[in-house]
Amino acid sequence: MRPTTPPFPSRQKGIAAVLTVLLVGMSLSAVVFNAMNKVGGAQEAAQTLHAVTQAQVKAWNGAEWVRQYLLGVGAAEAKKLQPGSTFTFGGSAASGVSAQVVSAVADASGSTLTVNVAASSGGAVSTVQLVYRVEGGAAGGGGTSGPDQVITLSKDLNLSGSVTVNGGKNAVFNVKGNVTLTGSVAGIETVNATGKVTAGGSQAIQTINANDDVSLSNGSYGTVNTLGNVTTSGGTTVVVINANKAVTFAGSSATTINAIGNVTISNGGSKVANVNTQGSLLTKTSSPIASLLAQGNLTVDGWGGPIQGKVGGTASYNASNKDIKVSVVPGLKVPITPVSAVTVTQTKVDAYDYRSAANYAFDFDAQNRIVVTVNNVASIPNGTYFLGSTVLNGSTVYNYLCTAVDGSGRCTATPVAKICQGYSDQNNCFAGSSKDNWLLNGTTLAPGVVWFKGKLTAGNGIYYNSFIASGDIETSGSHSTTAVNYAGYAKICQNGTFSGLYPSNFCDLSAGKLTPSPAGNIAFLAGGYVNGVFSGGQIKLGASNAVYGSVLAGDTLTTSGSTTIHGYITVANQGRGTSNNWGNSTTINLSNLPSTFTPGDTSTTPSSGGATTVRVLWTRYL
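Note that this is a predicted model, so its numbers are computed, not measured.

If you had to explain the overall build of the protein chain to someone new, which residues and values would you point to?
Helices and strands together make up the secondary structure of the protein chain, namely 3 helices and 55 strands. Counting only residues that meet the buried cut, the protein chain has 53% of its 622 residues in that class. The long-range fraction of contacts in the protein chain, counting pairs at least 24 apart against all pairs at least 6 apart in sequence, stands at 42%. In the form shown here, the protein chain has an accessible surface area of approximately 23500 Å², with 50% of it arising from carbon and sulfur atoms.

Now the structure itself:
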């Protein structure tokens, strides 16, 4: 058994963590005592409720101190913690707060710790149990100077609507599965698919890379590379086809066909200039083939057109056609480089990876009250608060953070800050919300990264936030969200609606500029894992939505038409969805992106800026 874990590890590595714990405790002491003094001056009948409330606030603060401690000591030291290890906190605000490890499971990538945090105040005791996941390793992500990986899907795509990319640099469409395009894509340079590609309609795609068969019935294509077969028909035009198997061409034209398998030109009107095959060629075309190299045989069905080339097998054609000039070279070898397999990386989307990066994290407590954990917000000390109402000029107004509330949700101490603007001051932005089901209706929210436990339904409004939810996300029509990094300094750090209330980790006031962070590139992220089980992850965007930031759906993405996304789309398909069915119009506009916004960098970054990440997997009151 390991003895009580001291707050001051003897190794130098732990000193920063201890200082963090002490400083956090000291910085919060004034706020907590101020709140306690104000609570003490409230109605006498509410003293017991106030005591319980203060105990809960202190317990949640203790939970945050544990997280900060784990960040400070690092993943390797956290692995050494054992059941029974305790945490000791410095600072007067931590009086009556204790924490103990009740379960510790270490593995190759980190450790999972179950910790009970207890706090007492005015005779009341509150205990919160939390499961922390501590992992080491460098933070991933980072910007990209290569092609824009505009869309990444982890299961089949059936596109009957349209996707248009404006301003993309060599825009890439990645699908881990099959692709069926009966609608249209524009502005996409490359489609990568680990399965089949079937395309009709008036497509214009520079490159198709597939690990299975490719079937094209119309459209214009630059290069088609596949490990499988290629079949074309209708008005299809292709510059180059590279196939590891056979090619059957009945389209309009192709400049060059390179195939390890047989080649068949089945349409008399098809125009194919060059054919290189390690198999045989059967052709019905009357158009000229300027260059033919075939290891196998040549068979011309009908009169045929002019052909120049060599074959390693036999040449069968109408001898009267003097325009066919093919020589037989026994043992002819035709060098063809096989197509390499496409790899589409499986993207993991997990809202819980981002909880510690949130400026505001929303949840419900055991008494069904809204609690908001605030982190790195100017004018508000880090900690957990209640969302309640207060009376202003004789009228009840809503959307205020406070340190204590009564049974009706009214602040019993002076409110700390207003964080949402309803359609009027008398409108509650979160009216109708319940545990794991959030309803957001208002004109705007305090800027920053906002995290919700459960599903988020966002109504009309203009928001300068990065929204992350462990459940689903759904928006109404004409909704507008601008991610923190996209919004920029003026909208985030000098927001007139919430004067002085800004995410301090994004705002460098002395330099007058925004300090980007990967979470700030996200407009919407949905879905999360609890104990290895994924839930949520469906994002449904209403009609005529304007989204300025990247969208990451853990399961599926649905748009209702005329939706514009100024960022990348990632659909991880980690839920029960079997395919992605897109039937409406979506525009991805990558033109004139602000310098603070990097759409492809949505990695999680530890709040300490180091190599260790600490996530809270779940919580409950005991």
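Please provide a residue-by-residue account of the pattern of salt bridges, values included.
Considering all chains together, one arrives at 6 salt bridges under this definition. The salt bridge involving Asp-365 is made with Arg-369; its shortest N-O contact spans 3.0 Å. This pair shows no difference in class: Asp-365 is buried, exactly as Arg-369 is. The salt bridge involving Glu-474 is made with Lys-455; its shortest N-O contact spans 3.6 Å. One end of the pair, Glu-474, is in strand 40 (residues 473–475); the other, Lys-455, is in strand 37 (residues 455–458), with 19 residues separating them in the sequence. The class for Glu-474 is partly exposed, based on a relative accessible area of 30%.

With reference to specific residues and values, describe the side chain of Asn-258.
Residue placement: Asn-258 occurs in strand 19 (residues 253–259). Judged by its relative accessible area of 17%, Asn-258 falls in the buried class. A polar side-chain atom of Asn-258 sits 2.8 Å from a polar atom in the side chain of Asn-276.

For the pairing of strand 36 (residues 448–452), give the residues involved together with the corresponding values.
Among the 5 residues that make up strand 36, 5 are buried, leaving the element largely enclosed by the rest of the structure. In the sheet, strand 28 (residues 360–364) pairs with strand 36 via 3 bridges, with the strands oriented parallel. When the sheet's bridge partners are listed, Phe-362 is paired in strand 36 with Phe-452. Of the pairings in the sheet, the one linking strand 36 to strand 39 (residues 465–469) comprises 5 bridges and is parallel in character. When the sheet's bridge partners are listed, Gly-448 is paired in strand 39 with Asn-465.

Give a detailed account of the sheet that holds strand 37, specifying residues and quantitative values.
Read across the open sheet, the 5 strands follow the order 34-37-40-47-50; overall the sheet is parallel. The sheet is open, and its two borders are formed by strand 34 (437–440) and strand 50 (556–559), each paired with just one other strand. Strand-to-strand twist across the sheet, computed as the mean angle between neighbouring axes with direction ignored, equals 10°. Note: strand 34 against strand 37, 4 bridges, orientation parallel. Opposite Leu-440, over in strand 37, you have Ala-458 as the bridge partner.

Report on the sheet that holds strand 10 (residues 184–186), specifying residues and quantitative values.
Sheet architecture is open: 7 strands sit in the order 10-7-54-51-48-41-38, paired in parallel fashion. Whereas interior strands pair on both sides, the edge strands pair on one side only; in this sheet they are strand 10 and strand 38 (461–463). The mean inter-strand angle of the sheet, taken between neighbouring strand axes irrespective of direction, is 10°. Bridge analysis of strand 7 (residues 162–166) against strand 10 gives 3 bridges, and the strand direction is parallel.

Requested: an account of the state of the cysteines, with residues and values cited.
For the structure on display, the rule yields 3 disulfides. A disulfide bridge connects Cys-402 with Cys-411, and the sulfur atoms are separated by 2.4 Å. Because the sign of the S-S torsion sets the handedness, a value of about -75° for the bond joining Cys-402 and Cys-411 places this disulfide among the left-handed ones. On the accessibility criterion, Cys-411 (10% relative accessible area) is buried. Between the sulfur atoms of Cys-420 and its disulfide partner Cys-429 the distance amounts to 2.2 Å. Here the S-S torsion is close to -95°, and the disulfide linking Cys-420 with Cys-429 is therefore left-handed. The exposure class of Cys-420 is buried, given its relative accessible area of 0%. When the cysteines engaged in disulfides are numbered in sequence order, the protein chain pairs them as 1-2, 3-4, 5-6.

Rules behind the numbers
- Residues numbered from 1 in each chain as written.
- Predicted model: local features only at pLDDT ≥ 70, side-chain atom pairs only at ≥ 80, totals over all residues.
- Heavy atoms only, no water.
- Helix = DSSP H or I, 4+ residues; strand = E, 2+ residues; numbered from the N terminus.
- Buried < 20%, exposed > 50% of the residue type's maximum accessible area, 1.4 Å probe, protein only.
- Contact = heavy atoms within 4.5 Å.
- Areas by Shrake-Rupley, 256 points an atom, 1.4 Å probe, with all protein chains shown as cover.
- Salt bridge = Lys/Arg side-chain N within 4 Å of Asp/Glu carboxyl O.
- Polar contact = N/O pair within 3.5 Å; in protein donor to acceptor, adjacent residues only side chain to side chain.
- Pairing = 2+ DSSP bridges.
- Axes fitted to C-alpha atoms, helices over the stretch in contact; angles between N-to-C directions.
- Disulfide = S-S within 2.5 Å.

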